[in-house]
Amino acid sequence: MRSTSSTNRKPRAAKTAAAALATALALSLTACGGGDDKGGDTGATGAKESGTTVTLPKLNGESLEVAAVWSGEEQANFKKVLAEFEKRTGAKVTFVPAQDPIVNFLGSKVAGGKPPDVAMLPQPGAIKQAVDKKWAKPLGAEAKAELAKNYSQGWQDIGKVGGTQYGVYYKAANKSLIWYNAKVFENAGATEPKTWAELLTTAQTVYDSGVTPFSVGGAEGWTLTDWFENVYLSQAGPEKYDQLAKHEIKWTDPSVKDALTTLAQVWGKKDYIATGALQTDFPASVTQTFTGGDQPKAAMVYEGDFAQVNIQTAKAKVGTDAKVFPFPKVGDTAPVVSGGDAAVILKDSKAAQALATFLASPDAATIQAKLGGYLSPNKSVDISAYPNPVQQKIAKALVGSGDDFRFDMSDQAPQAFGGTPGKGEWKALQDFLTNPKDIAGTQAKLEADAAAAYGN
């Protein structure tokens, strides 16, 4: 699959900028911890109706298929964006539900001669593979102009392969957040931690109150890679993070041992994690944290800003029932890890290029921003479009970080290692969740699988 060197930005000493961003985010989230929450309302106070900032062609009679792995509310909300594109162009757009890993799904479609026109790819590695297989088509001048106008250079660059622009990062994620049940914290007298040591203290305080501290969606290995990446980035630093992402250092490196040892302080603590973690998918890991009244199955759940969709499903209010704090720093600085989904054209046409252009504009992102559970790297989206103060602050922090962020490490890896259920890093960390004492064995398995996937 992917050789990260072609699309990943060069390592840079971003500790100071990352620390500033993390501090700003911490202050922002603390400041907006309470107050009136608008939940999933599309008519948030101060939000403007989606304007028309980009000119689109008339496409009456044209049809498009767009494939993505999104389901539930995320899929429903994206379909509203596609409906606006239909309204403005006259084209007919069909959403095609894809299976994960999406590259395998697309491979079967290509082999059958029926690829979708556009695919939403969740990893830079998937973009690289689509280019290597000659599936992906370069973006046209209009889409590139929208990207140049609305995106930082960093977000443009991770959609490039060999210097050519193939991807529009339509959706982003701040994956350095821990959500918590405000009522449980209040009853326990627990406080928001800023450091890993304070997180352990908070967890013990919650445990002593009679509630399990953490909910973990271990049935989906990507949630576990996200846990590791935040610990590793903060503890080992951005330079080591970049090296491990490219497999320039081995998973048997002492820095990996340190991160796994730190993780084991939570994963290996008896009764700190809600039972059945390996059978709990991500949506359930969130909803079980915010249902059950004063006795939910857990008090805290780690994951990105997109957890808000599932919080709303649990009928909890973001900023009131569900509050959030930045992932605590393990080393000198708190981590800032991002993820994202990029639109990539597989069947070049006037309609496909127009959709890519639309998705690169603030017009499209503003529609989904209002619906909640969504974050755009598009700097031209009005912050007021986001439906609650917490999400507004998270969005502002992400856009304000410019190029100073680190992209999800497993998403940079070859798919066989970092993006396949039951294999590679996902499986190794699921096994580690089961047996957090086996640090050396976990490192050996990670390295063997990484070496095979990277080919070095």
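What counts, and at which threshold
- Residues numbered from 1 in each chain as written.
- Predicted model: local features only at pLDDT ≥ 70, side-chain atom pairs only at ≥ 80, totals over all residues.
- Heavy atoms only, no water.
- Helix = DSSP H or I, 4+ residues; strand = E, 2+ residues; numbered from the N terminus.
- Buried < 20%, exposed > 50% of the residue type's maximum accessible area, 1.4 Å probe, protein only.
- Contact = heavy atoms within 4.5 Å.
- Areas by Shrake-Rupley, 256 points an atom, 1.4 Å probe, with all protein chains shown as cover.
- Axes fitted to C-alpha atoms, helices over the stretch in contact; angles between N-to-C directions.
- Parallel < 35°, antiparallel > 145°, perpendicular 65-115°, else oblique.
- Left-handed = near helix turned anticlockwise from the far one by under 90°.
- Nonpolar A, V, L, I, M, F, W, Y, C, P; charged D, E, K, R; others polar.
- Phe/Tyr/Trp six-rings, centres within 6.5 Å; stacked < 30°, edge-to-face > 60°.
- Lys NZ or Arg CZ within 6 Å of the ring centre and 35° of its normal.
- Pairing = 2+ DSSP bridges.
- Arc of directions from axis to C-beta.
- Polar contact = N/O pair within 3.5 Å; in protein donor to acceptor, adjacent residues only side chain to side chain.
- Core = buried A, V, L, I, M, F, W, Y, C linked by side-chain atoms within 4.5 Å.

(A) Representation of the overall build of the protein. Looking only at helices and strands, one finds 20 helices and 12 strands in the protein. Scored against the burial criterion, the 456 residues of the protein give a buried share of 59%. Pairs at least 24 apart in sequence give 79% of the contacts found in the protein among residues at least 6 apart. In the structure as shown, the protein presents an accessible area of about 16800 Å², 50% of it carried by carbon and sulfur atoms.

(B) Main features of the packing of helix 2 (residues 72-89) against helix 14 (residues 350-359). The contact between helix 2 and helix 14 brings their axes to 11 Å, and the two run at 120 degrees. Judged by the angle between their axes, helix 2 and helix 14 are oblique. Remark: the crossing between helix 2 and helix 14 carries right-handed chirality. Together, F78, V81, L82, E84, F85 and R88 of helix 2 and A351, A354, L355, F358 and L359 of helix 14 make up the contact between the two elements. Here the contact of helix 2 with helix 14 is composed, by residue class, of nine nonpolar, no polar and two charged.

(C) Broad picture of the packing of aromatic side chains. Tallied over the full model, the rule gives 25 aromatic pairs. On the basis of an interplanar angle of 40 degrees and a centroid distance of 5.8 Å, the ring pair of Y180 and F325 is categorised as tilted. Remark: F325 occurs in strand 10 (residues 322-326) and Y180 occurs in strand 7 (residues 177-181); sequence separation between them is 145 residues. An identical accessibility class is assigned to Y180 and F325; each is buried. When the ring of F282 is compared with that of F306, the centres are 5.6 Å apart and the planes differ by 70 degrees; the resulting orientation is edge-to-face. Of this pair, F282 sits in helix 12 (residues 282-287) while F306 sits in the loop between strand 9 (300-302) and helix 13 (307-313), and the two are 24 residues apart along the sequence. Summarising the burial analysis for this pair, F282 and F306 share the class buried. Following the ring pairs from residue to residue traces out a cluster consisting of W196, F214, W227, W267, Y302, F327 and F432. Taking the ring centre of Y272 as reference, the NZ or CZ of K269 above it sits at 5.6 Å.

(D) Inspection of the pairing of strand 10 at higher detail. For strand 10, the tally of buried residues reaches four of five residues, placing the bulk of the element in the interior. Relative to strand 10, strand 7 runs antiparallel, the two being bridged by five bridges. By the bridge assignment for strand 10, W179 is matched with V324.

(E) Layout of unusual backbone geometry. With phi around 70 degrees, D271 is a residue other than glycine that occupies positive phi space. The topology assignment puts D271 in the loop between helix 11 (254-267) and helix 12. Judged by relative accessible area, D271 falls into the partly exposed class, the value being 40%. Although it is not a glycine, K315 sits at a positive phi angle of roughly 65 degrees. Along the chain, K315 falls in the loop between helix 13 and strand 10.

(F) Looking closely at the side chain of S338. Of note, S338 is situated in strand 11 (residues 337-345). On the basis of relative accessibility, which here comes to 1%, the residue S338 falls in the buried class. The contact partners of S338, leaving out residues within four places of it in the chain, are W155, A173, K175, L398, F405, R406, F407 and D408.

(G) View of helix 5 (residues 141-150). Those residues of helix 5 lying buried are A143, E146, L147 and N150. The buried residues of helix 5 occupy one face: seen down the axis, they fall within an arc of 100 degrees. Next to the buried residues of helix 5 lie helix 6 (153-157), strand 5 (164-165), strand 6 (167-174), helix 14 and helix 15 (362-371).

(H) The arrangement of the sheet that holds strand 7 in detail. As summarised here, the arrangement of the four strands in space is 8-9-7-10, forming an open sheet in which the pairing is mixed. What marks the edges here is a single partner per strand, and that holds for strand 8 (214-215) and strand 10. The sheet contact formed by strand 8 and strand 9 spans two bridges and is parallel. For F214, the partnering residue across the bridge sits in strand 9 and is M300.

(I) Region of interest: the pairing of strand 7. Of all five residues making up strand 7, five are buried, and the element is well covered by its neighbours. Neither face of strand 7 is exposed, since L177, W179 and N181 on one face and I178 and Y180 on the opposite face are all buried. Inspection of the sheet shows strand 7 paired to strand 9 by three bridges, in the antiparallel sense. Directly across from Y180, in strand 9, lies its bridge partner M300.

(J) Quick peek at the side chain of Q430. Tracing the chain through its elements places Q430 in helix 19 (residues 424-434). Relative accessible area serves as the criterion here: at 13%, Q430 is assigned to the buried category. In this structure the side chain of Q430 is engaged in a polar contact, spanning 2.8 Å, whose partner is the backbone oxygen of G218. The contacts of Q430, once residues within four sequence positions are left out, are G218, A219, E220, G221, L224 and L278.

(K) Structural detail: the nonpolar core. F78, F85, W179 and L359 are the most contacted members of the largest nonpolar core, which totals 88 residues. Top element by residues in this core is helix 14. It accounts for seven residues. Look past the residues within four positions of F85 in its chain and what remains in contact with it is L56, L59, L64, G90, A91, V93, A351, A354, L355 and F358. Grouped together as the second largest cluster of nonpolar side chains are 50 residues, L199, L224, F327 and A450 included.

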